[in-house]
Amino acid sequence: IIIIILALLISYKKSWFIAATVNGSPISNFEVLKAEDSQFRKQVLDQLTTEKVILDEANKKGVKVSNQDIDAKIAEIEKQYGGATAFDTILSQQGLTRSSVRNQIKISLALEKMYESEINVTPDEVAKFVEQNKAQMQSSTSAELEKEATSILKSQKQNQVFSQKYQQIKNAANIQIF
């Protein structure tokens, strides 16, 4: 009876056991899961440890990111993309959820708050940037050009500072991977 039940399961529910066959040779779901685990485990683990290290450091420094901060940033992003519906469509196309975006924004805002005092853009840097990149910039008036240049330079400096600081706090963290 057990053999008959197994035979029926295998013939009618083979997708439970076999993911595909190649020239008659089966690829089991177990093989697929094992390959996925080895391929994506490191990537996901790196992302989760990065998030944890940053949030722990923010907590140590007393940096708090409120839901209002996150909501304001999301509203700003939605405005850039033409509203909440358009933003939701983009998230869906990229396989993201609002929850994952909220988490990413929380981490980004925590970093900004922790190191904002170290990110300074001087008027000379802005003027030089505008002079060198005016043709590629989107703004037309000098005030808009300065604002755009300041934003770009600030973003570049943030990435630089965040990268350096992250390496420092990661090296100081007690991370054990099993």
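Details of the structure are given in the entry above.
Model, not experiment: these values are computed from the prediction. (Residues numbered from 1 in each chain as written. Predicted model: local features only at pLDDT ≥ 70, side-chain atom pairs only at ≥ 80, totals over all residues. Heavy atoms only, no water.)

A. Examining the pattern of salt bridges more closely. Following the criterion strictly, the structure yields ten salt bridges and no others. We note a salt bridge from Arg-102 to Asp-71, for which the minimum N-O separation is 2.6 Å. Taken together, the residues Arg-102 in helix 5 (residues 98-115) and Asp-71 in helix 3 (residues 67-80) connect sequence positions 31 residues apart. Residue Glu-125 pairs with Lys-157 through a salt bridge whose shortest N-O separation is 2.8 Å. Residue Glu-125 is found in helix 6 (residues 123-133), and its partner Lys-157 is found in helix 7 (residues 142-172); the two are separated by 32 residues along the sequence. Residue classification places Glu-125 among the partly exposed residues on the basis of a relative accessible area of 29%. By relative accessible area, which is 22% here, Lys-157 ends up partly exposed. When salt bridges with common partners are traced through the structure, they connect Glu-78, Asp-88 and Arg-98 into a single cluster. (Salt bridge = Lys/Arg side-chain N within 4 Å of Asp/Glu carboxyl O. Helix = DSSP H or I, 4+ residues; strand = E, 2+ residues; numbered from the N terminus. Buried < 20%, exposed > 50% of the residue type's maximum accessible area, 1.4 Å probe, protein only.)

B. Spatial organisation of the packing of aromatic side chains. With the rule as written, the count across this model stands at two aromatic pairs. Pairing Tyr-115 with Phe-162 gives two aromatic rings, centres 6.4 Å apart and planes at 50°, and the pair type is tilted. Of the two residues, Tyr-115 is situated in helix 5 and Phe-162 in helix 7; the sequence distance between them amounts to 47 residues. Like Tyr-115, the residue Phe-162 is buried in the burial classification. (Phe/Tyr/Trp six-rings, centres within 6.5 Å; stacked < 30°, edge-to-face > 60°.)

C. Structural view of the packing of helix 2 (residues 29-60) against helix 7. Where helix 2 contacts helix 7, the two axes come as close as 10 Å, and the packing angle between them is 90°. By the criterion of interaxial angle, the relationship of helix 2 to helix 7 is roughly perpendicular. Between helix 2 and helix 7, the contacting residues are Thr-50, Val-53, Ile-54 and Glu-57 on the first element and Tyr-166, Ile-169 and Lys-170 on the second. (Axes fitted to C-alpha atoms, helices over the stretch in contact; angles between N-to-C directions. Parallel < 35°, antiparallel > 145°, perpendicular 65-115°, else oblique. Contact = heavy atoms within 4.5 Å.)

D. Structural detail: the environment of Lys-113. Residue placement: Lys-113 occurs in helix 5. Here Lys-113 falls in the partly exposed class, since its relative accessible area comes to 32%. Each C-alpha atom of the pair Lys-113 and Ala-86 lies 29 Å from the other, and the pair is 27 residues apart in sequence. Within polar-contact distance, the side chain of Lys-113 engages the side chain of Asp-69 at 2.6 Å. (Polar contact = N/O pair within 3.5 Å; in protein donor to acceptor, adjacent residues only side chain to side chain.)

The values reported here are purely geometric and, on their own, carry no functional implication.
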